[in-house]
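Letter by letter, the chains look like this.
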Amino acid sequence: MGMLVRQLAVARRVVQRAVSSAAGHREVQLTHLEGHEAGIAEIVMCRPRVKNSLGRLFVNEFFHTVDSLRHDTGVRVVVVRSAVPGVFCAGADLKERAKMTNAEVSLFVQDLRRLMNEIAALPMPTIAAVDGYALGGGLELALACDLRVAASSAKLGLIETTRGLLPGAGGSQRLPRLIGVGLAKELIFTGRQIEGTKAYNIGLVNDAISQNESGDAAHKRALELAQEILPRAPVAVRMAKLAMNKGVEVNRHIQ
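Residues numbered from 1 in each chain as written. Predicted model: local features only at pLDDT ≥ 70, side-chain atom pairs only at ≥ 80, totals over all residues. Heavy atoms only, no water.

Looking at the Sequence similarities (unreviewed entry) heading of the UniProt record, one finds this comment for the protein chain: "Belongs to the enoyl-CoA hydratase/isomerase family." (UniProt positions renumbered as here; feature names shortened; annotations may be inferred.)

1. Some words on the layout of surface pockets
Considering only enclosed or pocket space, the largest pocket measures out at about 1,100 Å³ in volume. Lining the largest pocket are 35 residues, with Ala-120, Ala-144, Asp-146, Lys-241 and Asn-245 sitting closest to its centre. Residue assignment for the lining of the largest pocket shows that the elements contributing at least two residues are helix 4 (102-120), helix 5 (137-144), strand 7 (147-151), helix 6 (171-179) and helix 10 (234-252). Considered class by class, the residues forming the lining of the largest pocket number 19 nonpolar, six polar and 10 charged. Approximately 750 Å³ is the volume attributed to the second largest pocket. Taken together, 34 residues form the lining of the second largest pocket, with Ala-90, Gly-91, Ala-92, Asp-93 and Leu-94 sitting closest to its centre. If you list the elements that add at least two residues to the lining of the second largest pocket, you get helix 3 (94-98), helix 4, strand 6 (133-135) and helix 5. (1 Å grid on protein atoms, 1.4 Å probe; cavity = no way out; pocket = protein on both sides within 12 Å on 5 of 7 lines; lining within 4 Å. Points joined across faces, edges and corners; volume = space filled by probe spheres on them. Helix = DSSP H or I, 4+ residues; strand = E, 2+ residues; numbered from the N terminus. Nonpolar A, V, L, I, M, F, W, Y, C, P; charged D, E, K, R; others polar.)

2. Digging into the pattern of salt bridges
This model, assessed by the stated rule, comprises 13 salt bridges. One salt bridge in this structure joins Arg-47 and Asp-93, with 3.0 Å as the shortest N-O distance. Linking Arg-47 in the loop between strand 2 (40-45) and helix 2 (56-70) with Asp-93 in the loop between strand 4 (87-89) and helix 3, this pair joins segments that are 46 residues apart in sequence. Across the pair, exposure class does not vary: Arg-47 and Asp-93 are buried alike. Salt-bridge contacts for Arg-56 lead to Glu-104; the nearest nitrogen and oxygen are separated by 3.8 Å. (Salt bridge = Lys/Arg side-chain N within 4 Å of Asp/Glu carboxyl O. Buried < 20%, exposed > 50% of the residue type's maximum accessible area, 1.4 Å probe, protein only.)

3. Describing the sheet that holds strand 1 (residues 28-32)
Read from one edge to the other, the open sheet built from six strands follows the order 1-2-3-5-7-10, with strand pairing classed as mixed. The open sheet is flanked by strand 1 and strand 10 (207-209), the only strands paired with a single partner. Along the sheet, successive strands turn relative to each other by an average axial angle of 20 degrees, direction set aside. With four bridges connecting them, strand 5 (residues 126-130) and strand 7 associate as parallel partners. In the strand pairing of strand 7, Val-130 is matched with Ala-150. Across the sheet, helix 2 touches strand 1, strand 2 and strand 3 (77-82), and the angle it forms with strand 1 is around 25 degrees. (Pairing = 2+ DSSP bridges. Axes fitted to C-alpha atoms, helices over the stretch in contact; angles between N-to-C directions. Contact = heavy atoms within 4.5 Å.)

And the structure:
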């Protein structure tokens, strides 16, 4: 019986992935898993034409998705993943940004920063499943999650300095807290891209998994990690997250 439930859950995920890829009118979609995965919600990024780049519609839909999860007590873990093969999120949509005025760019960057803060503030644990490129704002999005799992072949980097920009959506603050100031400065100053294995070695991701033929190794590992969290007391897990987040904020302001 247990094997049948697992097989049905796997089949359901395959169907959900296909639906996500086909439903092009939604760039960010929300899926609630069922069966033994009930309690896991997935935020699925599906903007294949531009590699999930952060455009206005994409960011707006992401905002609404996060907002819908904030007070959903039935969701115990959120997994953020991509439905686009080989990419998590390629960062800001620079073509769209080039058409903005300076004032519009400033407002958009503020919206990006606010989105990352809203993701970080979700009460339940969040896991980024990085099965491909996570660059610039894409890595900032992953950094806003509590946990990160990457394919060993995934490429991660805050590459803004290679484009005459700087990480403006929280990466310049979250990366140093995660891996240390010196190493964070090195990665940001150089705009270097590193693979998932290196990211694991420096503490940027919680796990690095060899990629599989279907290209979703990090997603599968993220679901395994989510299932480890599911049996734990949900209020205790949420309060533990809140306590740690607040503790980091307090320590940051100690003189």
